[in-house]
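# Structural overview
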Amino acid sequence: MRTVLRIVTRLNVGGPARQIGTLTAASSSRGWRTVLVSGVEEESEGDLLGELALSGVLPIRVPTLSREVRLRSDLAAHRELRRIIREVRPDLVHTHTAKAGALGRSAARREGASAIVHTFHGHSLKGYFSPLRSKVHLMIERHLARFSDRLICVSQQDAQELAELGLGPLEVIRSGVDLAPFGDESARVRGAAMRRDWNVPRETCLIGWAGRLAPVKRVDRLLAAVSILAREKAPVAAVIAGIGPGQAALERQLADHPGLPARFVGRIDDMPAFWSAVDVAALTSDREGLPLALIEAQASGRPVVATRVGGVSEIVTDGETGFLVPAGQAPAIAAALSKLILSEGLRHRYGEAGQANAKEQFSAERLVRETFDLYERILEEKAR
């Protein structure tokens, strides 16, 4: 049995950790053993350790591996990753997210790893940091790419942007989700109970948002859009699921508008029920990779209103499974939501089309197959 050493900066609540959990739990069925290594999460963002443990995923924790740049801790993490690589002797090292990608690939090269792969779960190399900082990050990524056997992107959009920046060799493997729990009768029953707990009448169109409460997600724009709709007397309410570093500021914003029909519901572990409870899914981010929340919402038969960023347009087809709007425009978000609020038939039609799309394009089985097939191809190339 071959071994992949998988390294991630942190297993916080979010898409990358869920993808990593899916790949790790399924590895033995593909004839691989996975050793998972992760750093630590910030207190404000929570973790998926309990959820992953239920699938038999038990990571090795490196406390000095964290998201922020801290020279002494980063050097200690690099030494520890080298020690783990020497001990495990993996056939392939696969890193995820920026810090683990930098330290993990460097450690793997220093220890003479047979094959090295990195996944960009979205990227921040363009239009995110200052020009100088972006230039430094790009120089680092170009250096790391020289000894990476593949760079995996979760969307075609990311692959195009990274290719324009001179990075490669690139491979697109879109995210995948275990779709079975979403949209079934049990989820609908639990969702109806959840909606009753929130005291949302059936005639109210309930907008759902789920994700990490970080500034780049721009939940403030969703609140602004809901405010516009409320002023227009639309039958609307919004529920926002998640935790994160931007939560306190958002709660202050909501407190400053006491009549706004929106509420934060914290971390929701039962996402199939959550998406069944709402009528429309919203995403208002300035940047994204390939957001799992939208895939889960579509699998539950929910239409989507989202900003046209990252790989979102590879999930949502404008005018068929929902509406795509420019980033940064709360009135455009409100206008798109209004179309779905006013037409139950349109919600149903777009929801059905989205559900078919999710099943066809974004299954966990496809993610696992394409990832481990890539591993095999890389090792075959190495053996020639």
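Calculation criteria
- Residues numbered from 1 in each chain as written.
- Predicted model: local features only at pLDDT ≥ 70, side-chain atom pairs only at ≥ 80, totals over all residues.
- Heavy atoms only, no water.
- Helix = DSSP H or I, 4+ residues; strand = E, 2+ residues; numbered from the N terminus.
- Rg over C-alpha atoms; globule rule 2.2 N^0.38 Å.
- Buried < 20%, exposed > 50% of the residue type's maximum accessible area, 1.4 Å probe, protein only.
- Contact = heavy atoms within 4.5 Å.
- Right-handed = clockwise from strand over helix to strand, strands pointing away.
- Pairing = 2+ DSSP bridges.
- Phe/Tyr/Trp six-rings, centres within 6.5 Å; stacked < 30°, edge-to-face > 60°.
- Expected span 1.5 Å × (residues − 1).
- Axes fitted to C-alpha atoms, helices over the stretch in contact; angles between N-to-C directions.
- Parallel < 35°, antiparallel > 145°, perpendicular 65-115°, else oblique.
- Left-handed = near helix turned anticlockwise from the far one by under 90°.
- Nonpolar A, V, L, I, M, F, W, Y, C, P; charged D, E, K, R; others polar.
- Core = buried A, V, L, I, M, F, W, Y, C linked by side-chain atoms within 4.5 Å.

Quick look at the overall build of the protein now. In terms of regular secondary structure, the protein is built from 14 helices and 13 strands. Since a compact globule built from 384 residues should have a radius of gyration of about 21 Å, the 21 Å found for the protein is in line with a globular shape. Projected onto its principal axes, the C-alpha coordinates of the protein cover approximately 65 × 45 × 35 Å. With 384 residues in all, the protein has 55% of them scored as buried. Across the protein, contacts joining residues at least 24 apart in sequence account for 72% of those joining residues at least 6 apart.

Moving on, we get to the pairing of strand E8 (residues 205-210). Burial of E8 is extensive: six of the six residues sit out of reach of the surface. Along E8, one buried face is formed by Cys205, Ile207 and Trp209 and the opposite face, lined by Leu206, Gly208 and Ala210, is buried too. As for the winding sense of the linkage, the β-α-β connection from E8 through helix H8 (residues 219-231) to strand E9 (residues 236-241) is right-handed. Bridge count between E8 and strand E11 (residues 280-283): two bridges; the pairing is parallel. Paired with Gly208 across the two strands is Ala281, which belongs to E11.

Right, let's talk about the packing of aromatic side chains for a bit. According to the stated counting rule, one finds six aromatic pairs in the structure shown. Summarising the aromatic geometry, the rings of Trp32 and Phe372 are spaced 6.1 Å apart at their centres and angled 55° between planes, so their arrangement reads as tilted. On the criterion of sequence distance, the pair formed by Trp32 in strand E2 (residues 32-38) and Phe372 in helix H14 (residues 364-383) is long-range, its members being 340 residues apart. Accessibility assignment for this pair places Trp32 and Phe372 in one class, buried. Ring geometry for Trp198 and Phe274: centres 6.0 Å apart, planes at 70°, overall edge-to-face. A residue pair is termed long-range when its members are at least 10 positions apart, and Trp198 in the loop between helix H7 (185-197) and E8 and Phe274 in helix H10 (residues 271-277) qualify at 76 residues.

Between its first and last C-alpha, helix H5 (residues 131-145) extends 21 Å over 15 residues, near the 21 Å set by a 1.5 Å rise per residue. Buried residues in H5 make contact with helix H4 (98-110), strand E5 (116-120) and strand E6 (150-153).

This brings us to the sheet that holds E9. Sheet architecture is open: six strands sit in the order E10-E9-E8-E11-E12-E13, paired in parallel fashion. Whereas interior strands pair on both sides, the edge strands pair on one side only; in this sheet they are strand E10 (262-266) and strand E13 (322-325). Across the sheet, the axes of successive neighbouring strands diverge by a mean angle of 20°, strand direction being ignored. Seen against the sheet, H8 touches E8, E9, E10 and E11 and runs at an angle of roughly 165° to E9.

As a further point, take H14. The end-to-end C-alpha distance of H14 is 29 Å, a good match for the 28 Å that 20 residues give at a rise of 1.5 Å each. Here H14 has its buried residues at Ala364, Arg366, Leu367, Val368, Thr371, Phe372, Leu374, Tyr375, Ile378 and Leu379.

The next point concerns the packing of H8 against helix H9 (residues 247-255). The N-to-C vectors of H8 and H9 enclose an angle of 15°; their axes lie 10 Å apart at closest approach. Relative to H9, H8 is oriented roughly parallel. Handedness of the H8/H9 crossing: right-handed. Contact with H8, carried on its side by Val219, Asp220 and Leu223, involves Leu250, Gln253 and Leu254 of H9 and no other residues of that element. Of the residues in the contact of H8 with H9, the class split is four nonpolar, one polar and one charged.

Let us look at the environment of Ser134. Considering the arrangement of structural elements, one finds Ser134 in helix H5. Taking the C-alpha atoms as reference points, Ser134 and Ala225, 91 residues apart in sequence, are found 31 Å from one another.

Right, let's talk about the pairing of E5 for a bit. Of all five residues that make up E5, five are buried, and the element is covered over most of its length. Along E5, one buried face is formed by Ile116, His118 and Phe120 and the opposite face, lined by Val117 and Thr119, is buried too. Across four bridges, strand E4 (residues 92-96) lies against E5 in parallel orientation. Bridge pairing in E5 places His94 opposite Val117. For E5 and E6, the ladder comprises four bridges, and the chain directions are parallel. Note on E6: the bridge partner recorded for Thr119 is Ile152.

Once that is clear, we can look at the packing of helix H12 (residues 330-341) against helix H13 (residues 344-361). Following both chains from N to C, one finds H12 and H13 inclined at 100°, their axes separated by 6 Å at the closest point. Overall, the two elements H12 and H13 adopt an arrangement that is roughly perpendicular. Across the interface between the two elements, Lys339, Leu340 and Ile341 from H12 touch Leu346, Arg347 and Tyr350 from H13.

Within the open sheet, the seven strands sit side by side as E3-E2-E1-E4-E5-E6-E7. Their pairing is parallel. Looking at the sheet topology across the chains shown, the edges are occupied by strand E3 (60-61) and strand E7 (170-172). Sheet strands in contact with helix H1 (residues 15-26) are strand E1 (2-8), E2 and E4, and its direction is about 165° off that of E1.

Counting 38 residues, the largest nonpolar core has Trp198, Phe274, Trp275, Leu294, Ile295 and Val312 as the members making the most contacts within it. Elements with a contribution of two residues or more to this core: E8, E9, H10, E11, helix H11 (292-299) and strand E12 (304-307). At six residues, H11 tops the list of elements feeding residues into this core. Within the second largest apolar cluster, 32 residues are counted, among which are Ala238, Val305, Leu337 and Tyr350.

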